[in-house]
Amino acid sequence: MGARILIPPSPKAGDVIDVRILIQHPMETGFRHELSGSAVPKNVIRQLKLDFNGQLLLDAELGTGTAANPFLQFQTQLFESGWFTLSWVDDLGVEGTERVQCNTRAS
Amino acid sequence: MKTLRPSKRELLQSALALLAVVASPFRARAQNTEGQSEEFQKLLLSLTQGVKLKEGKIQISMPRLADNGHSVPLKLSIDSPMSQEDHVKTLVILSPRNPRPLVAKMNFSPRNTKLNMATRVRLNGSQSLWVLAQMSDLTWYAKSAEVEVTESACLDAS
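Residues numbered from 1 in each chain as written. Chains lettered and ligands numbered in written order. Predicted model: local features only at pLDDT ≥ 70, side-chain atom pairs only at ≥ 80, totals over all residues. Heavy atoms only, no water.

Caption draft 1: Molecular detail of the environment of Asn53(A). Residues and elements named next belong to chain A. Along the polypeptide, asparagine 53 turns up in the loop between β3 (45–52) and β4 (55–62). For asparagine 53, a relative accessible area of 41% corresponds to the partly exposed category. Separated by 40 residues in sequence, asparagine 53 and glycine 93 have C-alpha atoms that sit 25 Å apart. What asparagine 53 contacts, discounting residues up to four positions off in sequence, is Glu80, Ser81, Gly82 and Trp83. Of the polar contacts made by the side chain of asparagine 53, one reaches the backbone oxygen of serine 81; its length is 3.3 Å. (Helix = DSSP H or I, 4+ residues; strand = E, 2+ residues; numbered from the N terminus. Buried < 20%, exposed > 50% of the residue type's maximum accessible area, 1.4 Å probe, protein only. Contact = heavy atoms within 4.5 Å. Polar contact = N/O pair within 3.5 Å; in protein donor to acceptor, adjacent residues only side chain to side chain.)

Caption draft 2: A look at the pattern of salt bridges. Residue and element names in this part refer to chain A. Inspection of every chain in the model, using the stated rule, returns 2 salt bridges over all chains. Linking arginine 32 and glutamate 28 is a salt bridge whose minimum nitrogen-to-oxygen distance equals 2.8 Å. Residue classification places glutamate 28 among the buried positions, given a relative accessible area of 13%. The residue lysine 42 makes a salt bridge to aspartate 91 at a minimum N-O spacing of 3.2 Å. Here aspartate 91 lies in the loop between β6 (82–90) and β7 (95–102) and lysine 42 lies in the loop between β2 (16–23) and β3, a separation of 49 residues in the sequence. Among the residues examined, lysine 42 registers a relative accessible area of 34% and is labelled partly exposed. (Salt bridge = Lys/Arg side-chain N within 4 Å of Asp/Glu carboxyl O.)

Caption draft 3: Inspection of the pairing of strand β8 (residues 127–135) of chain B at higher detail. Residues and elements named next belong to chain B. In terms of burial, β8 is largely enclosed, as 9 of its 9 residues are buried. For strand β5 (residues 88–94) and β8, the ladder comprises 6 bridges, and the chain directions are antiparallel. Residue pairing in the sheet places leucine 94 in a bridge with tryptophan 130 of β8. Pairing of β8 with strand β9 (residues 140–151), which is carried by 8 bridges, proceeds in the antiparallel orientation. Across the sheet, residue valine 131 finds its bridge partner in β9, namely lysine 143. (Pairing = 2+ DSSP bridges.)

Given below as structure tokens:
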């Protein structure tokens with residue numbers, strides 16, 4: 001499954017930036033049925049973590065009330081260049097990770 | 001001589017009294033969890049351990065009317081310095097009328113930036129969406145926002 005971490009291209013060191021996370025995932029509620037009548041089992045991303053250079057920024061536990069293809073946006077302050085690492089796991093135990101590099105400029 | 005016609009003052013007084021009666025259910029809505037589903041009450045109790053919910057600090061921005069409950073944009077901002085000493089410990093989004101009321105539970109690391117966040121929620125019908133925040137001093141704040149949903153999520157037969 002694909003995921004994206006969207007950050008501004010080259011923020012200044014010390015800037016507060018918007019971090020946007022988008023993961024492709026159906027987030028099945030378990031209340032939906034196939035046309036044949038069989039229930040689609042519940043499968044949502046139950047846990048999601050984002051860290052920057054090994055420092056945890058966000059730890060989220062999602063439920064069925066989160067829309068399909070979960071989207072999260074929040075703010076953080078950057079002091080140095082580094083890597084954002086996103087990792088998640090769903091109800092079927094499928095894990096995913098995504099990394100993105102962020103280079104800050106001095107001035 | 002007293003006439004049967006009420007004076008201007010009396011009219012004004014009764015109008016104000018009526019207004020107070022009509023407006024009373026809208027006051028202190030944030031703490032009032034009565035009339036919500038049992039599932040929601042149970043979940044709320046397990047989260048807050050019965051700590052009283054305070055009003056304030058949370059701003060919710062979401063459409064008053066959503067055509068489609070499958071994906072409703074939600075923006076939150078919480079009044080907190082997000083420092084080591086004073087930050088939001090846990091942020092919880094709840095939807096009382098969903099079969100499973102817990103939408104998301106999040107922990108943000110204190111990084112001295114404002115807590116502004118956005119996500120998209122799935123809503124099973126018109127309801128008041130609840131946002132709870134536990135501060136580092138273990139107090140709970142709550143705020144709800146009404147949203148009308150034309151087409152519910154969770155009910156489609158496709």
